[in-house]
Amino acid sequence: MSLKQKKDEIPFSENHILEASKIAGGTPFYLYDEIEIRKNVREFKKAFSWIPNFKEYYAVKACPNPYILKILKEEGCGMDCSSLGELVLSEAVEIVGENIMFTSNNTPVEDFKKAQKLGAIINFDDIKHIDFFQKQVGNIGFIGCCRYNPGDAKKGNPIIGNPKDAKYGMTKEQLFKAYKILKKSGVTRFGIHTMVASNELDPMYFVETAKILFETVIEIEEKVGITFEFVNLGGGIGIPYKPEDKKVDLNIISSEMKKVYDQLFKDRKNPLNIVMEMGRMITGPYGYLITAIKHKKHTYKNYIGVDASMADLMRPGMYDTYHHISFPQSTQYVDEQEGIFDITGSLCENNDKFAIDRKLPYIGFKISRFLIIHDAGAHSHAMGFNYNAKLRPAEILWNSEINDFKLIRRKQTLTDYFETLNFEGSIFQNLV
Ligand SMILES: Cc1ncc(COP(=O)(O)O)c(C=O)c1O
């Protein structure tokens, strides 16, 4: 019986991996599928095309590489930035002004200054940030947005937690005050934002969130005497990491949201736009972490040691999340014996594991064979770190139509890693 599952299917071959590996300077490296990313954004935008000015502000934090951002710009996306560095990345691909949504929290003044300089839409996370901004940065401009934390009105999910325990956003009472302050400060165009879940697979979750925001818009407009221009539903649409997960049906979110919108706003004179700042669902499924088997070990369990580690992809170690693992297409899955394995990196951390007790075919585990870790196109390379002096991996962009592999980030060298050390001596120079 073949152990191969639908999720094991990948769009590239072992030869493709070898070609990419040469460009990357060996494993581990990330591979992104440009054509599939483009197709996906188009489908996403099409699903919400009933919204006249629907806009996706891609969450830069999900995959902060300017080549990826440039692709998304070409597909009509703006950028959701949360820090100075992300603002600079957005600027680098010439996405500025209202095409940037600056959704930050506990915000340093330098970050606010840069956002103001670029003319970004400022999404205030805390009521006190309005005064802070005016005193330390200056004029907010004509457009202002606040982040709502609905507290008990909404159930959260494991990654963000319950809204009441989450550090983000303002209470409803604070919102009323915040919009009054913004109005008094000369802001004439208003938006409202919330994001209460991450990697959520239930389409109705987003419909309920939209309803809460729409109702809040009506309440604030009545009580504060302002008119909202947009609601920002944040990010959070999940992806099917596990073979048994179902892809979120965007058409359900869209059509059900439209029903609520039409019902609540049938007599509305001023158009209310809807925008989003998805990250994971835009690029997540189209990125892969390619690693190679280095060692096999047997003690109380079977271990397969690979050359990637949690420093390259921290999600499984940090959130105990599932990432599908498969082999290049040339691997035969037929009539194989299966086994139970832990797939580990080489960090001195016991949670440095890409999979625990994973059922996989024995035949796949030959030294130096490639392993493909799926769904690594968002919150993956970006969350990497340098613990144990591990170096950050390269990123490769693959265009399947012209079969072009482009190095969009070289792998880090030891010289890069030691560069910031203020230590005398030449031992740290010219290392690879
Ligand atoms: C404020 C904000 N917007 C958007 C996103 C993107 O979320 P996702 O990638 O789950 O769609 C995040 C993720 O952390 C976020 O914090």
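The structure presented is a predicted model; accordingly, all values stated were derived computationally and were not measured.

> Would you explain the overall build of the protein chain in this entry?
Check the secondary structure of the protein chain and you find 12 helices and 17 strands. C-alpha atoms of the protein chain, sized along the principal axes, occupy 70 × 60 × 45 Å. Per-residue burial over the protein chain gives 54% buried out of 432 residues. Taking the contacts inside the protein chain whose residues are at least 6 apart along the sequence as the reference set, 69% of them involve residues at least 24 apart. Accessible surface, the protein chain as shown: approximately 20,000 Å² in total, 51% of it carbon and sulfur.

> Looking at this structure, how should I read the packing of helix H8 (residues 203–224) against helix H9 (residues 250–264)?
Packed helices, taken two at a time, are described by the angle between their axes plus the distance between the axes. Put simply, H8 and H9 touch, their axes get as near as 9 Å, and they point 20° apart. By the angle between their directions, the pair H8 and H9 is classed as roughly parallel. Where H8 crosses over H9, the handedness of that crossing is right-handed. Contact with H8, carried on its side by Pro203, Met204, Phe206, Val207, Ala210, Lys211, Phe214, Glu215 and Ile218, involves Ile252, Ile253, Glu256, Met257, Val260, Tyr261 and Leu264 of H9 and no other residues of that element. Grouping the amino acids of the contact of H8 with H9 by side-chain chemistry returns 13 nonpolar, no polar and three charged.

> Looking at this structure, how should I read the domain arrangement of the protein chain?
Where interface size is given, it is often the accessible area lost as the parts come together that is meant. As far as domains go, the protein chain holds domain 1 (6–31 + 285–418) and domain 2 (34–283). Each of domain 1 and domain 2 has a C-alpha centre, and the two are 32 Å apart. Where domain 1 abuts domain 2, roughly 2,100 Å² becomes buried across the two surfaces, and 62% of that area is made up of carbon and sulfur atoms. In this structure, the connection of domain 1 to domain 2 is made through zero salt bridges.

> Whenever I open this one, the sheet that holds strand E2 (residues 55–59) confuses me. Can you help?
Picture the strands of a sheet paired through backbone hydrogen bonds; they go either parallel or antiparallel. Taken in spatial order, the eight strands of this closed barrel run E2-E3-E4-E5-E6-E7-E8-E9, and their pairing is parallel. Averaged over all adjacent pairs, the angle separating strand axes in this sheet is 25°, with direction ignored. Pairing geometry for strand E8 (residues 228–232) and strand E9 (residues 273–276), over three bridges, is parallel. Its bridge partner being in E9, Asn232 is matched across the sheet by Val275. Of the strands in this sheet, strand E5 (121–124), strand E6 (143–147), strand E7 (189–193) and E8 are in contact with helix H7 (residues 172–184), which crosses E6 at around 165°.

> Sorry if this is basic, but what is going on with H8 here?
Each α-helix winds once per 3.6 residues, and so residues spaced three or four apart point in a common direction. In this model, H8 (22 residues) spans 32 Å end to end at C-alpha, consistent with the 32 Å of a helix rising 1.5 Å per residue. The N-capping residue of H8, defined by a side-chain oxygen 2.9 Å from the backbone nitrogen of Met204, is Asp202. Remark: Gly225 follows H8 within two positions and exhibits a positive phi of approximately 75°.

> How should I be thinking about the pairing of strand E17 (residues 404–409) in this particular structure?
Taken residue by residue, a regular strand's side chains alternate between the two faces of the sheet. Pairing geometry for strand E16 (residues 394–399) and E17, over five bridges, is antiparallel. The partner of Ile396 across the bridge, within E17, is Leu407. In this antiparallel pair of consecutive strands, E16 and E17, the connection spans four residues, and Asn403 shows a positive phi of 45°.

> Is there a simple way to explain the environment of Ser380 in this structure?
As for its placement among the helices and strands, Ser380 is situated in the loop between strand E15 (370–373) and E16. The sequence separation of Ser380 and Glu173 amounts to 207 residues, and the corresponding C-alpha distance is 37 Å. Of note is the side chain of Ser380, whose polar atom sits 3.5 Å from the backbone oxygen of Ala376.

> Would you take a moment to explain the site of the ligand for this structure?
Around the ligand, the structure places 14 residues, and the nearest of them are Gly236, Glu277, Gly279, Arg280 and His379. If the ligand stood free it would expose 390 Å²; the protein chains cover 90% of that surface. Residues of the shell around the ligand, tallied by class, amount to three nonpolar, six polar and five charged.

> Would you mind showing me how to read the pattern of salt bridges here?
If the charged atoms of two oppositely charged side chains come close together, the side chains can form a pair. Going through the model one piece at a time under the given rule, you end up with 25 salt bridges. Of the charged contacts, one joins Glu229 and Arg189 as a salt bridge, the two residues approaching to 2.8 Å between their closest N and O atoms. Linking Glu229 in strand E8 with Arg189 in strand E7, this pair joins segments that are 40 residues apart in sequence. Relative accessible area serves as the criterion here: at 28%, Glu229 is assigned to the partly exposed category. Connected through shared salt-bridge partners, Glu34, Arg38, Arg42, Lys70, Glu74 and Glu75 make up one network.

> How should I be thinking about the nonpolar core in this particular structure?
If you look at the biggest cluster of nonpolar residues, it comprises 102 residues, and the most contacted ones within it are Phe44, Phe48, Tyr179, Ile192, Phe214 and Ile343. Here the element with the most residues in this core is H8; it accounts for 10 residues. Two domains each provide a minimum of three residues to this core, namely domain 1 (6–31 + 285–418) and domain 2 (34–283). Those residues in contact with Tyr179, other than ones at most four positions away along the chain, are Cys145, Cys146, Phe190, Gly191, Ile192, Ile220, Val224, Ile226 and Phe228. Counting 16 residues, the second-largest nonpolar core is a separate cluster that includes Phe12, Ala292, Phe370 and Ile396.

> Looking at this model, I keep getting lost on the side chain of Lys114. Mind explaining?
Assignment of secondary structure puts Lys114 in helix H5 (residues 109–118). Relative accessible area serves as the criterion here: at 17%, Lys114 is assigned to the buried category. Excluding residues within four positions of it along the chain, Lys114 makes contact with Leu84, Leu87, Val88 and Glu91.

> Help me out: how do you make sense of the packing of H7 against H8 in this one?
Taken N-terminus to C-terminus, the directions of H7 and H8 make an angle of 50°; their axes are 10 Å apart at the nearest point. The pairing of H7 with H8 is recorded here as oblique in orientation. Where H7 crosses over H8, the two elements pack in a sense that is right-handed. Two secondary-structure elements touch here, H7 through Lys172, Leu175, Phe176, Tyr179, Lys180 and Lys183 and H8 through Thr216, Glu219, Ile220, Lys223 and Val224. Looking at the contact of H7 with H8, its residues break down into five nonpolar, one polar and five charged.

Calculation notes
Residues numbered from 1 in each chain as written. Predicted model: local features only at pLDDT ≥ 70, side-chain atom pairs only at ≥ 80, totals over all residues. Heavy atoms only, no water. Helix = DSSP H or I, 4+ residues; strand = E, 2+ residues; numbered from the N terminus. Buried < 20%, exposed > 50% of the residue type's maximum accessible area, 1.4 Å probe, protein only. Contact = heavy atoms within 4.5 Å. Areas by Shrake-Rupley, 256 points an atom, 1.4 Å probe, with all protein chains shown as cover. Axes fitted to C-alpha atoms, helices over the stretch in contact; angles between N-to-C directions. Parallel < 35°, antiparallel > 145°, perpendicular 65-115°, else oblique. Left-handed = near helix turned anticlockwise from the far one by under 90°. Nonpolar A, V, L, I, M, F, W, Y, C, P; charged D, E, K, R; others polar. Domains from an automatic or database assignment. Buried area = accessible area lost by both parts, 1.4 Å probe. Salt bridge = Lys/Arg side-chain N within 4 Å of Asp/Glu carboxyl O. Pairing = 2+ DSSP bridges. Expected span 1.5 Å × (residues − 1). Polar contact = N/O pair within 3.5 Å; in protein donor to acceptor, adjacent residues only side chain to side chain. Near = heavy atom within 4 Å. Core = buried A, V, L, I, M, F, W, Y, C linked by side-chain atoms within 4.5 Å.

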